[in-house]
Amino acid sequence: MTEIPHDHPRYESLLAREKVAAGVKMGITSIQGLIAQGRGESFDYLIGERSTESALEAERAAVAALLLARNPVISVNGNVAALAPEKVVSLADITGAKIEVNLFHRTETRVHLIIEQLRAHGASEVLGKNPDASLELSHARRLVESKGIYTADVVLVPLEDGDRCEKLVEMGKTVITIDLNPLSRTSRTSTISIVDNLTRALGNMAKFAGEMKQERKEELVKLITTYDNKKVLSEAISEIQEHLKIITAEMGY
Ligand code: PTJ
């Protein structure tokens with residue numbers, strides 16, 4: 001990886017770019033994953049590269065859902081494995097969630113390498129290698145494990161295109177997504193849409209999970225029943241508009 005100096009004004013963004021590029025070189029991330037990262041970067045720029053109030057609200061609700069779940073599962077693809085394997089493992093440990101590899105551009109080699117990557121970052125069990133169940137989808141993301149995504153009541157699906165998300169919602173599952181684009185099909189179809197950068201979102205969620213684990217069950221239930229995803233998405237869009245107004249004013253336009 002190219003060494004990015006810590007004092008570079010765009011350090012976090014450039015580091016993420018290096019990680020995804022390294023993921024491609026290692027065979028973990030698909031070449032298409034580079035395009036996905038670029039799409040995400042542009043939305044992050046519009047958001048102001050920060051976790052907004054609406055994102056934090058969605059992240060708290062998501063953590064409550066994971067903590068209350070009977071069988072929570074975190075789905076991992078090639079971008080997630082390259083960008084934040086340690087954060088996935090830490091969130092899974094705190095919430096008791098299983099981890100399952102699920103890929104759009106699926107090859108058995110990539111599945112194997114991603115499992116190894118997660119193991120190297122402390123995961124004990126990673127599902128996805130032996131899919132014995134199928135979602136009603138015509139592409140490889142249909143391949144899931146019966147003890148994982150197939151029977152999960154809550155699924156965290158960071159970073160993907162929306163059709164599997166839609167299918168999982170149809171199956172009655174609570175679907176949490178992390179996608180910097182508040183207008184994407186994923187954001188519009190999920191139960192809890194986190195409009196935030198994957199790395200920031202997973203970090204915030206692990207921190208919240210540590211704190212919220214001590215809370216009474218009723219408090220967690222209240223967080224979910226009072227949560228309004230449409231409102232959160234509309235606030236996410238307003239936050240982008242506000243940010244654009246501020247920076248254009250600063251630029252004197
Ligand atoms: O590893 P595979 O084979 O499963 O392939 C995965 C990719 C990422 C290639 C696949 O899911 C894909 O093509 O995704 P899309 O359709 O490009 O959607 C990616 C979405 O995630 C876009 O809406 C981006 O804005 C968003 N995104 C990209 N990077 C990030 C992100 N959101 C949060 N954090 C990011 N770092």
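Criteria and cut-off values
Numbering of residues starts from 1 in each chain and follows the order in which that chain's sequence is written. In keeping with the model being predicted, local features are shown solely for residues with a pLDDT of at least 70 and side-chain atom pairs are shown and tallied solely at 80 or more, while totals for entire chains, interfaces and linings include all residues. Hydrogens are left out, water is left out, and the side-chain values use all remaining heavy atoms of the structure. Helix numbers and strand numbers start at the N terminus; a helix is a DSSP run of H or I with at least 4 residues, a strand a run of E with at least 2. The globule rule is 2.2 Å times the number of residues to the power 0.38, and the radius of gyration it is compared with is taken over C-alpha atoms. Burial classification: accessible surface area is computed with a 1.4 Å probe over protein chains only, and a residue below 20% of its type maximum counts as buried, one above 50% as exposed, and the rest as partly exposed. Should any heavy atoms of two residues lie within 4.5 Å, those residues are counted as being in contact. Only the protein chains shown count as cover for residues, with accessible areas throughout obtained via the Shrake-Rupley method and a probe of 1.4 Å. By the counting scheme adopted, Arg and Lys are positive, Glu and Asp are negative, and His together with the chain ends is not counted. Just so you know, the charge point we use is NZ for Lys, CZ for Arg, CG for Asp and CD for Glu. Working definition: residue near molecule or strand if any one of its non-hydrogen atoms lies within 4 Å of it. Under the rule applied, a polar contact is a pair of N or O atoms within 3.5 Å (in protein, one hydrogen donor and one hydrogen acceptor; residues adjacent in sequence only if both atoms are side-chain atoms). For two strands to be treated as a pair, DSSP must find no fewer than two bridges joining them. If you view a crossover with the strands going away from you and the path from the first strand over the helix to the second runs clockwise, you call it right-handed.

Draft legend 1. Region of interest: the overall build of the protein chain. Tallying secondary structure elements over the protein chain gives 12 helices and 7 strands in all. Relative to the globule expectation of 18 Å for 253 residues, the C-alpha radius of gyration of the protein chain, 18 Å, shows essentially globular dimensions. On the principal axes, the C-alpha backbone points of the protein chain span a range of 60 × 45 × 35 Å. Counting the 253 residues in the protein chain, one finds 51% classified as buried. Contacts in the protein chain between residues far apart in sequence, at least 24 positions, make up 64% of those at least 6 positions apart. For the protein chain, the exposed area adds up to about 12,100 Å²; of that, 54% sits on carbon and sulfur atoms. For the protein chain, the separation between the mean place of its 31 positive charges and that of its 36 negative charges on side chains is 3 Å.

Draft legend 2. The site of the ligand, seen in detail. Near the ligand you find 25 residues, and of these R39, F104, R110, R141 and L198 are the closest. F104 has a polar backbone atom sitting 2.8 Å from an oxygen atom of the ligand. Contact distances for the ligand include 2.8 Å between an oxygen atom and a side-chain N or O atom of D179. Coverage of the ligand by the protein chains reaches 94% of its 750 Å² of free accessible surface. Secondary-structure elements contributing two or more residues to the shell around the ligand are α2 (32-47) and α4 (78-83). Take the shell around the ligand: its biggest share by element is 6 residues, from α2.

Draft legend 3. Fine view of the pairing of strand β5 (residues 154-158). Of all 5 residues in β5, 5 are buried; the element is thus mostly enclosed. When strand β1 (residues 72-76) meets β5, the two strands line up parallel, connected through 3 bridges. Its bridge partner being in β5, V73 is matched across the sheet by V155. Once the chain exits β5 it traverses helix α8 (residues 163-170) before rejoining the sheet at strand β6 (residues 174-178), and the crossover so formed is right-handed.

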